[in-house]
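# Inside the fold
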Amino acid sequence: MRWVRTAGRSLLAFAVVASACVVSGSDEHEVSGTGPLTLATAGDLTGYLGSVLEGWNRTHPAERVTLVELPDSADETRAQMVTDLRRGESGRFDVLNIDVNWTSEFAGAGWIRPLPRGRFPLEAFLEPVVDTATYDGRLFAVPYVTNAGLLLYRKDILAKEGVPPPRTWADLERLAKTIAPKYGLDGYAGQFFAYEGLTVNVAEAVYSAGGTILGDEGDRVTVNSAAAREGVGFLARGIREGWIPRAALTYKEEESKQAFQDGRLLFMRNWPYAYASASAAGSPVAGKVGAVRLPGPHGPGVSVLGGSNLAVNAHGRHPDSAARLIAYLTSEQVQRQVLTQGALPPVRAALYDDPGLVARFPYLPALRASVITAAPRPKSPRYEQVSLVVQAVVRDAMAGYAAPSASVRRLARELDRVSSRPSAQ
Ligand code: GLC
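Everything numeric in this text was worked out from a predicted model, so none of it was measured.

The angle between the axes and the distance between the axes are what describe a pair of packed helices. One can describe the packing of helix H7 (residues 169-182) onto helix H9 (residues 226-241) by two numbers: an axis separation of 12 Å at closest approach and a directional angle of 5°. Compared by their axis directions, H7 and H9 come out roughly parallel. For the pair formed by H7 and H9, the contact residues are Trp169, Leu172, Glu173 and Lys177 on the first element and Glu230, Gly231, Phe234, Arg237 and Glu241 on the second. In terms of residue class, the contact of H7 with H9 is built from 3 nonpolar, 1 polar and 5 charged.

Here you go:
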């Protein structure tokens, strides 16, 4: 699978050279409705996009798409996209695969163009994902993949111990403390490096305890609550007591997945792609992995809604081709490939009921339940700053530099400051 990724990286160099010609204005006809495109995306972790795009390129020789693969980390990808879009010229990217929580910011800034609803089969999609693609009542992107956190566990070990997978934090903590060491494993990890993934893990802990971070409109800070103290306390306690290894403070998606896949962890919070990878032939834990909904203090917890939407650069070349490419990528056929080859959760609802797919991907029912009940990240026109504050403050609590209650108070203070600051736009 690696080769596709490498091919994607080398295409990047080509894309940069090609777009330089467009930016210099040497190619007048490049601004017509149809023609070649670039598709920018965060790292294709399962290396499946090359073959999906080959399917398009074979049948659309005049509208060939070049994959521009940006870094794996959501934050770095956002930074590269924003730098390009801010120039207000056609730039390097025609179609952008954007994280669900960037839609409002990109639309509000005028970087992506509104799309005609009638052109895309929105009624066939899972409902919560369509919301993430709209801004100010208009459609600004089309849902492409969705995502929800799951708890992966070592089913071989829990079976030997005769215990079911945890439903509550108390179950998780007990098993992580008592069983994991018996097998020489660490207890639990999520994505605890200071980046967007930490914001996701913190929001899940706070939401699962019944709390919130910002009010619905994003202009009210609601985090100073017992629930938030409970959520942050759960994460900080794990590190302090050792059932979350300290190394997890350096984990993003890939590092945590690797620790679990190498057989070093009993429990892991991750996105479903990690289940597919840990279960694939050649993985040391193949056949030994189970997945359930995330636990919470009193039963199943709440996942944050992840995933990405496809958007069209407001100044991009060939908007008609861009819309057609998006229709292709959200077609039933490609959405099936998204799951079977990319191990990513599709946005089309019917695929979650397909008996053949459920047999192959047994986590689909748990995943559907997690997506349907998933909560969006705090909504704010200054989302990036909100996320940076959450990461910095909770990171200190997890590293043991501050008590959870003091951290939650600081979080409230710093978020207040972010909300009252005039926008950087
Ligand atoms: C996944 C999710 C995305 C989230 C990111 C955080 O890619 O789909 O929504 O922002 O992880 O690391």
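Okay, back to it.
Okay, the nonpolar core next. Within the largest apolar cluster, 134 residues are counted, with the highest numbers of intra-cluster contacts made by Phe267 and Leu329. For this core, the element with the highest residue contribution is helix H16 (residues 383-399), accounting for 8 residues. Looking at this core, you find at least three residues from each of domain 1 (11-147 + 305-372) and domain 2 (148-304 + 377-418). Discounting chain neighbours no more than four positions away, the residues touching Leu329 are Leu39, Val52, Leu53, Tyr144, Leu310, Val334 and Gln335.

So, on to the side chain of Thr41. Position of Thr41 among the secondary structure elements: in strand S1 (residues 37-41). Excluding anything up to four places from it in sequence, Thr41 contacts Leu49, Leu67, Val68, Glu69, Leu70, Met81 and Asn97.

Further remarks concern the site of the ligand. As a matter of local geometry, the ligand sits amid Asp99, Asn147, Tyr195, Glu196, Gly197, Glu253, Trp271, Gly306, Gly307 and Arg377. Interatomic distance of 2.7 Å between a side-chain N/O atom of Arg377 and an oxygen atom of the ligand. Contact with the protein chains covers 85% of the free accessible surface of the ligand, which is 310 Å². For the shell around the ligand, the elements supplying multiple residues, two or more each, are helix H8 (196-208) and strand S13 (305-312).

Read across the open sheet, the 4 strands follow the order S8-S9-S7-S10; overall the sheet is mixed. Two strands in the sheet have a free side with no partner beyond their single neighbour: strand S8 (186-189) and strand S10 (289-293). This sheet shows a mean twist of 15° between the axes of neighbouring strands, independent of strand direction. As defined by bridge partners, S8 adjoins strand S9 (residues 265-270) across 3 bridges and the pair is classed as parallel. Counterpart to Ala189 in the pairing with S9 is Met268.

Okay, the sheet that holds S13 next. Strand order in the open sheet made by the 5 strands is S2-S1-S3-S13-S6, with mixed pairing throughout. Either end of the sheet is taken by a strand with one partner, and the two such strands are strand S2 (65-69) and strand S6 (142-148). Each strand axis lies, on average, 20° off the axis of its neighbour in the sheet, ignoring direction. Looking at chain direction, strand S3 (residues 95-99) and S13 are connected through 5 bridges and run antiparallel. Bridged to Ile98 within S13 is Asn309. Each of S1, S2, S3, S6 and S13 is contacted by helix H12 (residues 319-329), which is oriented at about 150° to S13, the strand it contacts most.

Side chains that are three or four residues apart share a direction in an α-helix, a result of its 3.6 residues per turn. For H9, which comprises 16 residues, the first-to-last C-alpha distance of 21 Å matches the rise-based estimate of 22 Å (1.5 Å per residue) to within 8%. Among the residues making up H9, those that are buried are Ala227, Ala228, Gly231, Val232, Gly233, Phe234, Leu235, Ala236, Gly238 and Ile239. Of the residues flanking the end of H9, it is Gly242, one or two places downstream, whose phi is positive at about 90°.

Not every positive phi belongs to a glycine, and His318 is a case in point at roughly 55°. Relative to the elements of secondary structure, His318 occurs in the loop between S13 and H12. In this structure, Ala343 takes a positive phi of about 55° despite not being glycine. Positionally, Ala343 belongs in the loop between helix H13 (332-340) and helix H14 (355-360). For Ala343, a relative accessible area of 8% corresponds to the buried category.

Enumeration over the complete set of coordinates arrives at 11 aromatic pairs. An angle of 50° between the planes, with centres 5.5 Å apart, marks the rings of Trp56 and Tyr328 as tilted. Within this pair, whereas Trp56 is found in helix H2 (residues 49-59), its partner Tyr328 is found in helix H12, the two being separated by 272 residues in sequence. Trp56 gets classed as buried once you look at its relative accessible area, which sits at 1%. Centre to centre, the rings of Phe106 and Trp111 are 5.3 Å apart; their planes meet at 75°, and the pair counts as edge-to-face. Assigned by exposure class, Phe106 and Trp111 land together as buried. These aromatic residues form a ring-pair network of at least three members: Trp169, Tyr188, Phe192, Phe234 and Trp243. Across the ring face of Phe193, the terminal group of Lys252 is positioned such that the distance to the ring centre comes to 5.2 Å.

How each quantity is defined
- Residue numbers restart at each chain and count upward from 1, following the sequence in its written direction.
- Local features in a predicted model are, by the rule used here, given only for residues with pLDDT of at least 70; side-chain atom pairs are given and counted only at 80 or more, and totals for whole chains, interfaces and linings are based on all residues.
- Note that the side-chain values use all heavy atoms of the structure and ignore hydrogens as well as water.
- To define axes, lines are fitted to C-alpha atoms, for helices over the stretch in contact only, and angles between the resulting N-to-C directions are given on a 0 to 180 degree scale.
- Helix and strand labels come from DSSP, where a helix needs a run of H or I of at least four residues and a strand needs a run of E of at least two; each type is numbered from the N terminus.
- In what follows, roughly perpendicular refers to angles from 65 to 115 degrees, roughly parallel to angles under 35, roughly antiparallel to angles over 145, and oblique to any angle outside these ranges.
- It only takes one pair of heavy atoms within 4.5 Å for two residues to be counted as in contact.
- Gly falls in the polar group here, along with every residue not listed as nonpolar (Ala, Val, Leu, Ile, Met, Phe, Trp, Tyr, Cys, Pro) or charged (Asp, Glu, Lys, Arg).
- Side-chain atoms within 4.5 Å are what join buried Ala, Val, Leu, Ile, Met, Phe, Trp, Tyr and Cys residues into a set we call a nonpolar core.
- Only protein chains enter the accessibility calculation, which uses a 1.4 Å probe; a residue is then buried when its area is under 20% of its type maximum, exposed when over 50%, and partly exposed in between.
- Domain segmentation is taken from an automatic or database assignment of domains.
- For this description, a residue counts as near a given molecule or strand if any of its non-hydrogen atoms is within 4 Å of it.
- Two N or O atoms form a polar contact when they lie within 3.5 Å of each other; inside protein one atom must be a possible hydrogen donor and the other a possible acceptor, and for residues adjacent in sequence the pair counts only when both atoms belong to side chains.
- In these tables, accessible area is a Shrake-Rupley quantity obtained with a 1.4 Å probe, and a residue counts as shielded only by the protein chains included in the view.
- A pair of strands is treated as paired once DSSP finds two or more bridges between them.
- What a helix is expected to span follows from its residue count: subtract one and scale by 1.5 Å.
- Planes of paired rings set the category: under 30 degrees apart is stacked, over 60 is edge-to-face and the rest tilted, where pairs are Phe, Tyr or Trp rings (Trp by its six-membered ring) whose centres lie within 6.5 Å.
- In our convention, an over-ring charge means Lys NZ or Arg CZ found within 6 Å of a ring centre and within 35 degrees of that ring's normal.

Keep in mind these numbers describe shape, not what the thing actually does.
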